[in-house]
Each structure stands twice: as structure tokens, then as C-alpha cells.
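Notes for the structure review
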Amino acid sequence: HSMKIAIIGAGIIGVTTAYELAADGHEVTVFERHAAAAEEASFATAGMVAPGSVTPWAAPGMPAKVLRSLLSRHAAVRIGRPLSAGDLAWIWKWRRACKLETYLVNRARLQRLAFYSSERLRQLSADLPLEYERSEGYLMLLRSGKDLQLAQPALQVIRDAGVAFREIDAAEARRIEPALNADTALAGAIHLPRDEVGNCRQFAMGLKIGAQLLGARFLSNTTVTRIGRSVPATLYVAGEARRRRFDALVLCAGVASASLLKPLGLSVPIAPVYGYSISAHIREPLNAPLSAVMDERYQVAITRLGQRVRVAGGAEIGGAPGHKRAASLQTLYKVLHDWFPGAAQLSNGVQEWKGARPMLPDGPPVLGASGVPGLWLNIGHGASGWALSCGSARVVADLIAGRAPAIDLEGLGVERLLR
């Protein structure tokens, strides 16, 4: 039966959830504190949808990598100042989740959701006239034999997941991406022909229109200050004395979700792990990438989105949300210059962005019932929100409808955090 449902947050997760619930015939209202959808973590992402590469950030060897990176100039992972007590508690939980057996279990959970999500994304793209600058194919660039060695565990993951890929030599990599700089040493590459890249924000904007056509209402510049305890579901909006009542609430507020859950007795360790990107207009299309490449050494992705090129990477815990670390941006410019010098117009109109990815210490998101009557969760997608969004939204819509979701949800529910 049709319900009155409120969604808190209009990032890629909130928008996909709104669409699926509206498609199921519910009366949907979305509350977004910003002026538009996809203004935070979904704004300027790398745009990769590569399900085989969706793995937990808590992985064996990561703590050592973080310590090493404290000394390196172009580190993939950094620790910012100030570090809050919450950040330290999160790092402690994250370190425990880096144990091999924990990592393997969480990786399997994430991959199950990522492959289903990629299927759902293809389905939605087929059903709806969505233009989101998508292109197919993805190259993992290996600068040296050592990088190939370091990539072996990642390759094993992709192999186990049954993803189509080929290990290729430098000459073939340069045939697939002819603009790759001949002066930068390249030992070889991994080519994933079925993975895709697209503009996450543009997709969110298009799907928002799709949801509106199905009757969903989006209220922008509207901040939900707290979730009420009364049954079935109520929320309070900044500047309004009266509470708003619904049959159900779905929380999709990214990093802000934790503070809304705390008064309800739910302590959810979501920390912002910051990523950076630069987007610039293409100066000469012949010098630009055709689709997407990933520099494995620096963990930086270079993607082509229509008439622009986007360079994204970095993972930084701690620090202030507004402060862009010069060294992190410098690494992005360096990697772009190494592979595609002269591709982008860098003298003017470059958009530099820093976004907070809502990360749980052990990797997978939390989907489904919260334990609080009427309140459902779709939170904690980390750096893979775009790659997990379509599947997560469908799963949550199915749970709300009382239908069995298409995938096994073991370990993706809130009980994982309460152990």
C-alpha cells in the first residue's frame, strides 16, 4: 500500500531512494538543507562505476600505508589536523577492521551490493532518457613492475568477482588511450572494458526530475534538525514550530546522519573521509582521455566527462571541511600533467573541490530498518556512493514494501554496528 514517506538528504543516495519509492507508488517528500541536490559528497566525484574495485578502505596493510604516507609528498592517504576524539575513536575501529578475515567478509558484502547496483544503474539508464556523460572502459595504469606486483591483490578480487579484464602491455594501453604521454614510464595496464564512468551529479539531477514526474516533492534549503520519537514517524524542520508527520522516514544524510541518530540512542561511527578533485575544460580533445584511467601508484583517477576532464583522488581523515590542502591538489595536477599534458585548460575556470565521503570504519554501508519504529537507514557508503546508490535504493524500497530484496543483505543491516 502507498505510504507518506520523508527522505532526509538529496545526495545521490537520497535521490535514487526518492526515485525508487516514488516508482513504487509512495507519496515522497525529500528534505535537503542545500539549495540543490548533490551539493556535497556527490558533487564532483571521479565518476567510476567499477564494481570489482569497490572494496573496504579498511584493508590489510592500510595502517602501515597511512604511517608511511605521513612522510611522503604525494600520498594517497593523509591525516589532517585537527583530529577530534571522534576521529581517533573511528581510526581505532578502522584499524581493527583491517584484519584479513574481517576485510574479506566486508569485501564480499560490498561486492554483492556493487554488482547488483551496477545492474540497476544499467536498467535505469535503459528505462529513462538520462544523459550523464557516460563512457565505457577503464584502464588501471601501472607505472612500474613494482606497481604491477602491488596490484595483484586487487586483480585477484576482480578475478574472483568474475569481472572481464585483460592485463595488457604499454603499447596496447596507448592504443586504447592514444593521448597517454609517451614520456611517462608505463610498464603495463589492466583494461576493464565493461566498467563505466559517468557524471554522478548530472545523473542525480536527471533522476530527481524523474522522481518529480512520479510525484516526489523536493524541499531545498530545508534543514531537518531532529527526528521525533513518536510513532509512526515525525521530524522537525529548522524555523518551524510544528512537527511534520509521515508513515516512514528514510535517512540518507551522509555524514550528517550521525548527529540525527545520536538523540535516538543510535551511535553510528560515520566519519568524513575527504577526497579532492579538479575539473577543467578540455583544451585539445586529441590530448584528452577517451574514458577513464586510474594511476595505481597515486590512486588518482582521470576521467573524461563530456567537454571536461576530471582528476580525483586522495583520502584524508581529520582536518577542517573548508580547508583545501594544497599538497593534495598538487598531487592531482601532477598526475594529470604526467599522463595528459596539454589536455586541460588550467589557466582559468578550474573547479577545485573537496568533499566529505561518509565512511563507516569497516567499509559497507548500513541499509534497512534502524530499530527505531518508522525510521529506515541508507547511510555510510564511503567513497563508493555513486557505485552503490542504485542498488541500495532498490533494496531499501523493497524492505519498506515488505518484499524480499534481490540480494542477500547479510552484514548490511544496523545490527553489524551494535555488536
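Residues numbered from 1 in each chain as written. Predicted model: local features only at pLDDT ≥ 70, side-chain atom pairs only at ≥ 80, totals over all residues. Heavy atoms only, no water.

Things to note about the sheet that holds strand β18 (residues 366-369)
Working definition: the strands of a sheet are paired by backbone hydrogen bonds and lie parallel or antiparallel to each other. Basically, it comes down to this: We call two strands paired when DSSP finds no fewer than two bridges between them. Helical segments are the DSSP runs of H or I of at least four residues, strand segments are the runs of E of at least two, and each set is numbered from the N terminus. Axes, fitted as lines to C-alpha atoms, cover a helix only where it is in contact. Angles between the N-to-C directions of the axes lie from 0 to 180 degrees. Note on contacts: a residue pair is in contact if any heavy atoms of the two residues lie within 4.5 Å.
Read from one edge to the other, the open sheet built from six strands follows the order β8-β2-β1-β12-β19-β18, with strand pairing classed as mixed. At either end of the open sheet lies a strand with only one pairing partner, and these are β8 (217-219) and β18. This sheet shows a mean twist of 20° between the axes of neighbouring strands, independent of strand direction. Bridge analysis of β18 against strand β19 (residues 375-379) gives four bridges, and the strand direction is antiparallel. Of the residues in β19, the one forming a bridge with Val366 is Ile379. Where helix α1 (residues 12-23) meets the sheet, its contacts fall on β1 (4-8), β2 (27-31), β8, β12 (248-251) and β19, and the angle it forms with β1 comes to roughly 170°.

A short note on helix α11 (residues 385-401)
Note the following rule: For a helix, the expected span equals 1.5 Å multiplied by the number of residues minus one. The term bend refers to the angle at a residue between two fitted axes, each drawn through seven residues, those ending there and those starting there. Burial classes follow relative accessibility: with a 1.4 Å probe on protein chains only, a residue under 20% of its type's maximum area counts as buried, one over 50% as exposed, and anything between as partly exposed.
With 17 residues, α11 extends 23 Å from end C-alpha to end C-alpha; this agrees with the ideal 24 Å at 1.5 Å per step. Along α11, the sharpest kink reaches roughly 30°, centred on Gly391. With 15 of its 17 residues buried, α11 lies for the most part within the structure. At the C-terminal side of α11, Gly402 shows a positive phi close to 80°.

Thoughts on the nonpolar core
Inclusion rule: Only buried residues count toward a nonpolar core, which is a set of Ala, Val, Leu, Ile, Met, Phe, Trp, Tyr and Cys residues joined through side-chain atoms within 4.5 Å.
Of all hydrophobic cores here, the largest spans 48 residues; its most connected members are Phe203 and Val250. The set of elements that each furnish at least two residues to this core consists of β1, α1, β2, α4 (100-127), α8 (200-213), β12 and α11. Not counting the four nearest positions on each side in its chain, Val250 is found in contact with Ile5, Ala6, Ile7, Ile8, Thr17, Leu21, Trp376, Asn378, Val396 and Ile400. The next biggest cluster of nonpolar side chains, apart from the first, holds 29 residues, and it includes Ala179, Ala288, Leu336 and Phe340.

With respect to α1
In an α-helix there are 3.6 residues to a turn, and that puts residues three or four apart on one side. Its twelve residues place the ends of α1 16 Å apart at the C-alpha level, agreeing with the 16 Å of an ideal helix rising 1.5 Å per residue. By the criterion of burial, α1 is predominantly enclosed, with eleven of the twelve residues buried. Along α1, the residues that are buried comprise Ile12, Ile13, Gly14, Val15, Thr16, Thr17, Ala18, Tyr19, Glu20, Leu21 and Ala22. Within two residues after α1, Gly25 carries a phi angle of roughly 95°, on the positive side.

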